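For reference, the chains in residue letters:
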Amino acid sequence: MVLLLVVPSDRGVAALGAAGSPASIFGSIMLLWWAWYHIRRITSTTTHRVQPVRIALFIFIMCVLASFVKAALTALPQENANGSMTGLITVASWAGVVLVANDGIRSKERLLVLVRRICWLGAAYSALGLLQFVTGQNLVDAVATPGLSSVGQGAVDTRGGFIRPEATARHALEFASVLSMTFALALFLAQKSSRSVAQRWTPAALTFAAAVVSLTRSALLGIVSVLVVLFPSWDRRMRRAVAVAALIGITGALALAPSLASTVRAMFNPEDPSLVSRTSSYDIVGSYVAASPWWGRGLGTLDRSYHIFDNQYIGLLIQIGVIGLAAFLGVVLTAAATGMAQRRDADPDLAALGPALSAAVVSGALLFAFFDAFYFPQSVGLLFLVVGLCGALRNLHRADRPGRMQGMHVAEPSVRRWSAVLARRWYVALAVCLAAIPIAAAARSVPGVYYTEFDVRFEAPPRATRSNPLRTEAPMIVGFAAIVQRMYVGSHPNYPIRPTSAPLFGTGARSAQAVYLPDAGGQWQTNFNTPAIRVEVVGDSPDAVLARSRGIASTLTSLAKVPQDAIGVRAGARIETARQAAGDVVVSEQRVRTSYAVAATSALAVGVALGLSGLTDHVVWRRPRGVRRRQQ
């Protein structure tokens, strides 16, 4: 938690890129430690219980591996190929956090101490945000972190004339996500009657105040979602106390900043630019999804050079497909249901903690719909930590219920136990491996693609003329190029996906073209300042790419004459086109990473073989003993 919330979110080891944050590195170490511990430990199979959180996490990891295979078999720009590798590393880091939290907390006391520390660390985090709001200073970027590089801007964002605090987060939305999750746990701490009023309510009060002044819709929606989930689980005294505290907090905020209310109302205006920018992007989601609907294009391969959707669920739908998105939702829903199921625990502390953990998961996951959360370590790291705590709470709840345990009454190393499982269910593992062989063989034969990009320039007459009604000033030539471009795409449609700046082959297209005006602006603001038409062509062979390129260039040259012929522009006053000679058009081969695809397919086969063998063994051992004997 210290590495996650105290170290600024934008600090990391530069050489490791997006996976270089201290929290991500530590999460990867936790995964290795967890694996080494389970390999070496001696355990009794009587303690093996169904672990819903671990199962859901395993399915999600397998889906991410499958999407990586798809990414490796797609010709991607180098930065996107690196992004797919980074995606695997970050998922491994999150898995380490979940698994250590799920399996490493062995007592109620340790769990409650960890939750209490999260609450107080969240209170300090909120206090820093409040201090930024009051002073108008970032404060964080003034502190250097030795060995870590920063992409911080040393400034603060504003809305409605107010400062939007961020604490150590990269963005106010990440700040809001952390606040909503810690607020749920802080409300659990407020129910601990054994502590003083200040100790119980300070974390919740600071977190609520920071959420109000954060000036983000996400923070307010997160707080509301927490209250909706927790309200049914509270007694009348707690409901009254929360209502009074919220009323006092809102009244105090409005008293200190009277115009804050109008700013908050403006955030929910349908004409708000941030809302419009999100909803206007939904029209192109279908094109991205259609390119690879089931497994996606690979986690970590959709960056700002394609499109920013500001919706992590849309991002997951595009990157890991329908199946991968369902797997992630399965992790979230499993954790939330697991936590809520403990509300009937005989221990009052665990009974109150279960709904609080569920509320934290629900609010954190809800806010993923408002920004690309996987690019913000604090929000996604804290969510996966809470998911692991839900699993730990279930383990504690079931620890004293031996009647629910299954298996043989022997002690053996985990490796030996899994070897025995594979020996008993060898046919399951063999079937999976046999199914993976043709997939790996097919992956080795996937070819790359060939790609070219060039400009068809529009040039004014060599001397000034009055006889061209189209006008030959530079801005007018850009407009003329736009007319020609629209004439062309009217009969030769572009590939449905048009990235902001990424090359066409990065969309996964194998035979496609794009003819458009170069845009020096970006997704949020266009800037067509070049009198040219850019052409991109992707094909299966260099000859096919060259032939299509020549045809497009010739057609554009012919179309440029049509409007000028129609209005009678004489030869010396015409706007002419100039394009690269055929020998100057460079066609490059964009290769796929077949070796990575084969390695990922092998890892996927091993994981699925282990998972299905374990599942089969568990189902068989749950049958009555006589049925097992007849089957064996």
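Residues numbered from 1 in each chain as written. Predicted model: local features only at pLDDT ≥ 70, side-chain atom pairs only at ≥ 80, totals over all residues. Heavy atoms only, no water.

Attention now moves to the overall build of the protein. Along the backbone of the protein there are 21 helices and 11 strands. When each of the 632 residues of the protein is scored for burial, the buried share is 49%. Relative to all contacts within the protein whose residues are 6 or more apart in sequence, the contacts with residues 24 or more apart total 78%. In the form shown here, the protein has an accessible surface area of approximately 29100 Å², with 62% of it arising from carbon and sulfur atoms. (Helix = DSSP H or I, 4+ residues; strand = E, 2+ residues; numbered from the N terminus. Buried < 20%, exposed > 50% of the residue type's maximum accessible area, 1.4 Å probe, protein only. Contact = heavy atoms within 4.5 Å. Areas by Shrake-Rupley, 256 points an atom, 1.4 Å probe, with all protein chains shown as cover.)

Here we come to the packing of helix 2 (residues 22-40) against helix 4 (residues 78-104). Interaxial distance between helix 2 and helix 4 falls to 7 Å at its minimum, and their mutual angle equals 55°. Taken as axis vectors, helix 2 and helix 4 run oblique relative to one another. The handedness of the crossing between helix 2 and helix 4 is left-handed. On the side of helix 2, the interface is formed by Ala-23, Ser-24, Gly-27, Ser-28, Met-30, Leu-31, Trp-33, Trp-34 and His-38, while helix 4 contributes Ile-89, Ala-92, Ser-93, Gly-96, Val-97, Leu-99, Val-100 and Asp-103. Residues of the contact of helix 2 with helix 4, tallied by class, amount to 10 nonpolar, six polar and one charged. (Axes fitted to C-alpha atoms, helices over the stretch in contact; angles between N-to-C directions. Parallel < 35°, antiparallel > 145°, perpendicular 65-115°, else oblique. Left-handed = near helix turned anticlockwise from the far one by under 90°. Nonpolar A, V, L, I, M, F, W, Y, C, P; charged D, E, K, R; others polar.)

A separate point is unusual backbone geometry. Not every positive phi belongs to a glycine, and Leu-139 is a case in point at roughly 70°. Looking at Leu-139, the relative accessible area reads 36%, which means it is partly exposed. Located in the positive-phi region is Asp-310, a residue other than glycine, with phi close to 55°. Inspection of the secondary structure puts Asp-310 in the loop between helix 12 (285-291) and helix 13 (312-341).

Turning our eyes to something else, we now look at the pairing of strand 7 (residues 449-459). Inspection of the sheet shows strand 7 paired to strand 11 (residues 588-590) by three bridges, in the antiparallel sense. Among the inter-strand pairings, Tyr-451 is bridged to a residue of strand 11, identified as Ser-588. Where strand 7 lies against strand 9 (residues 532-539), eight bridges are found, and the strand directions are antiparallel. In the sheet register, Phe-454 faces strand 9, and the bridge partner there is Val-535. Two strands pair when backbone bridges link them, and strand 7 and strand 10 (residues 576-579) are joined in this way by four bridges, in the antiparallel orientation. Bridging from a neighbouring strand, Phe-458 pairs with Thr-577 of strand 10. (Pairing = 2+ DSSP bridges.)

Moving on: the nonpolar core. Soluble globular proteins tend to pack their nonpolar side chains together in the buried interior. Ranked by size, the top nonpolar core spans 100 residues in total, and within it Phe-60, Leu-111, Leu-187, Phe-328 and Val-361 carry the most contacts. The element contributing the most residues to this core is helix 6 (residues 172-190), with 14 residues. Of all hydrophobic cores here, the second largest spans 22 residues; its members include Val-456, Phe-458, Ile-477 and Val-535. (Core = buried A, V, L, I, M, F, W, Y, C linked by side-chain atoms within 4.5 Å.)

If you walk through the whole model with that rule in mind, you get 17 aromatic pairs. With a centroid separation of 5.7 Å and 55° between ring planes, the pair formed by Phe-60 and Phe-328 is classed as tilted. Here Phe-60 is found in helix 3 (residues 52-72), whereas its partner Phe-328 is found in helix 13, with 268 residues between them in sequence. Among the residues examined, Phe-60 registers a relative accessible area of 1% and is labelled buried. Phe-328 sits in the buried class, given a relative accessible area of 1%. Arranged with centres 6.4 Å apart and planes meeting at 50°, the rings of Phe-328 and Phe-384 form a pair that is tilted. One end of the pair, Phe-328, is in helix 13; the other, Phe-384, is in helix 15 (residues 377-398), with 56 residues separating them in the sequence. These aromatic residues form a ring-pair network of at least three members: Phe-60, Trp-94, Tyr-313, Phe-328, Phe-368, Phe-371, Phe-374, Phe-376 and Phe-384. Above the ring of Phe-231, the side-chain terminus of Arg-239 is found at 4.5 Å from the ring centroid. Lying across the ring of Tyr-516, Arg-498 places its NZ or CZ 4.0 Å from the centre. (Phe/Tyr/Trp six-rings, centres within 6.5 Å; stacked < 30°, edge-to-face > 60°. Lys NZ or Arg CZ within 6 Å of the ring centre and 35° of its normal.)

Turning next to the pattern of salt bridges. Considering all chains together, one arrives at 12 salt bridges under this definition. Residue Arg-54 is joined to Asp-103 by a salt bridge in which the shortest nitrogen-to-oxygen separation is 2.6 Å. In this pair, Arg-54 is assigned in helix 3 and Asp-103 in helix 4, connecting sequence segments 49 residues apart. Relative accessible area serves as the criterion here: at 28%, Arg-54 is assigned to the partly exposed category. Put simply, Asp-565 and Arg-574 hold a salt bridge, and the shortest N to O gap is 2.4 Å. Judged by relative accessible area, Asp-565 falls into the partly exposed class, the value being 46%. Note on Arg-574: relative accessible area 17%, which makes it buried. Look at the salt bridges and you will find they share partners, linking Lys-108, Asp-347 and Asp-349 into a network. (Salt bridge = Lys/Arg side-chain N within 4 Å of Asp/Glu carboxyl O.)

This paragraph deals with helix 8 (residues 217-230). In this model helix 8 runs 20 Å from its N-terminal to its C-terminal C-alpha over 14 residues, within 8% of the 20 Å that 1.5 Å per residue would give. Listed as buried for helix 8 are Arg-217, Ser-218, Ala-219, Gly-222, Ile-223, Ser-225, Val-226, Val-229 and Leu-230. (Expected span 1.5 Å × (residues − 1).)

Moving on: the side chain of Gln-342. Considering the arrangement of structural elements, one finds Gln-342 in the loop between helix 13 and helix 14 (348-367). On the basis of relative accessible area, Gln-342 is assigned to the buried category, the value being 4%. From its side chain, Gln-342 meets the backbone oxygen of Thr-338 in a polar contact 2.7 Å long. Contact partners of Gln-342, with chain neighbours within four places excluded, come to Leu-350, Ala-351, Leu-393, Arg-394 and His-397. (Polar contact = N/O pair within 3.5 Å; in protein donor to acceptor, adjacent residues only side chain to side chain.)

Next up on the list: the packing of helix 6 against helix 8. Any two packed helices are characterised by the angle at which their axes cross and by the distance between the axes. At a closest axis distance of 8 Å, the pairing of helix 6 and helix 8 adopts a crossing angle of 20°. Taken together, the axes of helix 6 and helix 8 lie roughly parallel to each other. The element helix 6 and its partner helix 8 pack so that their crossing is right-handed. Contacts between helix 6 and helix 8 involve Leu-173, Ala-176, Ser-180, Phe-183, Ala-184 and Leu-187 from the first element and Ser-218, Ala-219, Gly-222, Ile-223, Val-226, Leu-227 and Leu-230 from the second. Here the residues of the contact of helix 6 with helix 8 are counted per class, giving 10 nonpolar, three polar and no charged.

Take a nonpolar patch on the surface next. On the surface, Trp-426, Tyr-427, Leu-430, Leu-434 and Ile-437 cluster together into a nonpolar patch covering about 540 Å² of accessible area. Residue placement: Trp-426 occurs in helix 17 (residues 426-444). (Patch = residues over 30% accessible without salt bridge, like charges linked within 9 Å, V, L, I, M, F, W, Y side chains within 5 Å.)

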